[in-house]
Every structure is written in C-alpha cells, then in structure tokens.
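Now for the letters of each chain:
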Amino acid sequence: MAGIDKQQARQKFIEFLERKNLRITSQRHAIVDTVFSTDKHFTAEQLLEWSRQRDKSVSRATVYRTLPLLTESGLVREMDFGKDYKFYDPNYADHPNHSHIICQDCEKIVEFDSEKIEAIENEITHRLGFSVKTQRLQITASCDEFKRLGACKKKAC
C-alpha cells in the first residue's frame, strides 16, 4: 500500500464497503471525505465534529460504526496511547511504516521516519530469521514547551 494517495485510499475504502454490501450513505460519504482529506491524527469525537462541518446530519453512531471499517480496510490505523479513547492515523495508507512521538501533556502527535531505525529493524529481523512486514514505534514524551513553562498552550496541565 506504500505510495497510495488520499483519493486512491478513499476509492479503495468505497470499494471495500461495496464488497461488504454496506450502504454508502451521505453521512458515510462525509466521514470518508473527511478522513481522506486530512493529514492530522484524530479521535472519534474530532472526526464527528469535522464531518458535521461537511454534513450536519452525520451521527455519532455512524462515525463509531465507520471507524472499525476504516481500520479493517487497512487504510487507517487505530492507535492506543493509553487514553480513554483511541487516535486514528489517516496517513497509514501513505506510509505504513512510520513512528510517532506523542506529548503526554498536550497530545500533540508527530510522525517521523528514520533510516537508522529501519536499518536496526532489518538487522535484528534478518539475524533472527524474519522479514519486517510492518513496524510501530510510539515514543511518549513531554514537549519542550511543557518542560520550559510547566504547561502546554494546547491543554491546561
């Protein structure tokens, strides 16, 4: 799936829904268009808010029913950062192997790729008789602003 663009990902998801004989309602279209038009990680509640900007009739239930389908399709990755809610990565289709740094204070999520990490993964898996299919690296940290000021502008700590 590497190198797939957002329009292709959107189309693949529509085809995925069709294969499952699921209706593609206007609400679901708004949700899918929202997911594949952002590079930001999001929560279900954020997706609901953004989707309602496209179509006021989008229901919370439809968002919560559509998210597992997005992850099942392999086009979006669900991420658990130890919160009471999940985050979703809409960039997974573009870059299935990338890592994240998450600020535990303001929940800022930064994606990064590292040739060094990739080389270490390849060395370890090769030595142990495996081939890398996917990788997930999550680093939880405090952003520099929190360290300097004791609080983040994004969230009162």
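Residues numbered from 1 in each chain as written. Predicted model: local features only at pLDDT ≥ 70, side-chain atom pairs only at ≥ 80, totals over all residues. Heavy atoms only, no water.

**Q** Please provide a residue-by-residue account of the sheet that holds strand E5 (residues 138-141), values included.
**A** One open sheet accounts for three strands, arranged E4-E3-E5; its pairing is mixed. Looking at the sheet topology across the chains shown, the edges are occupied by strand E4 (109-112) and E5. Each strand of the sheet is rotated relative to its neighbour by a mean of 20°, with strand direction disregarded. (Pairing = 2+ DSSP bridges. Helix = DSSP H or I, 4+ residues; strand = E, 2+ residues; numbered from the N terminus. Axes fitted to C-alpha atoms, helices over the stretch in contact; angles between N-to-C directions.)

**Q** Outline the packing of aromatic side chains, listing residues and values.
**A** Across all of its chains, the model carries four aromatic pairs by this definition. Note on Phe42 and Tyr88: the rings are 5.9 Å apart at their centroids and 25° apart in plane angle, and the pair reads as stacked. One end of the pair, Phe42, is in the loop between helix H2 (26-35) and helix H3 (44-54); the other, Tyr88, is in strand E2 (residues 87-89), with 46 residues separating them in the sequence. On the basis of relative accessibility, which here comes to 0%, the residue Phe42 falls in the buried class. Residue Tyr88 is classed as buried on the basis of its relative accessible area, which comes to 7%. Among the aromatic residues, those joined into a ring-pair cluster are Phe42, Trp50 and Tyr88. (Phe/Tyr/Trp six-rings, centres within 6.5 Å; stacked < 30°, edge-to-face > 60°. Buried < 20%, exposed > 50% of the residue type's maximum accessible area, 1.4 Å probe, protein only.)

**Q** Can you break down empty space enclosed by the protein residue by residue, with the values?
**A** Here the structure, examined in full by the defined rule, presents one cavity of 30 Å³ or more. The computed volume of the largest cavity comes to approximately 40 Å³. Lining the largest cavity are Arg77, Glu78, Met79, His98, His100, Arg136, Leu137 and Gln138. In terms of residues, the lining of the largest cavity owes the most to one element, strand E1 (residues 77-79), which gives three residues. (1 Å grid on protein atoms, 1.4 Å probe; cavity = no way out; pocket = protein on both sides within 12 Å on 5 of 7 lines; lining within 4 Å. Points joined across faces, edges and corners; volume = space filled by probe spheres on them.)

**Q** So, the layout of surface pockets: which residues are in play, and what are the values?
**A** Taking a probe equal in size to a water molecule and rolling it over the atoms shows the remaining empty space. The space that makes up the second largest pocket amounts to roughly 200 Å³. As for the second largest pocket, its lining consists of 13 residues, and the residues nearest its centre are Asn97, Ser114, Glu118, Glu121 and Gln135. Of all the elements, helix H5 (residues 115-127) adds the most residues to the lining of the second largest pocket, at five residues. Counted by class, the lining of the second largest pocket contains three nonpolar, six polar and four charged residues. (Nonpolar A, V, L, I, M, F, W, Y, C, P; charged D, E, K, R; others polar.)

**Q** Can you break down the packing of H3 against helix H4 (residues 60-72) residue by residue, with the values?
**A** Axis separation between H3 and H4 bottoms out at 10 Å; the angle between their running directions is 120°. When the interaxial angle is binned, H3 and H4 end up oblique. Seen along the crossing, H3 lies across H4 with a hand that is right-handed. Contacts between H3 and H4 pair Ala44, Glu45, Leu47, Leu48 and Arg52 from the former with Arg60, Val63, Tyr64 and Leu67 from the latter. (Parallel < 35°, antiparallel > 145°, perpendicular 65-115°, else oblique. Left-handed = near helix turned anticlockwise from the far one by under 90°. Contact = heavy atoms within 4.5 Å.)

**Q** Hey, could you go over the pattern of salt bridges for me, with residue numbers and the actual values?
**A** Within this structure, the stated rule accounts for four salt bridges. Between Lys20 and Glu72 there is a salt bridge; the shortest N-O distance is 3.0 Å. On the criterion of sequence distance, the pair formed by Lys20 in the loop between helix H1 (6-19) and H2 and Glu72 in helix H4 is long-range, its members being 52 residues apart. Given the relative accessible area of 37%, Lys20 is considered partly exposed. (Salt bridge = Lys/Arg side-chain N within 4 Å of Asp/Glu carboxyl O.)

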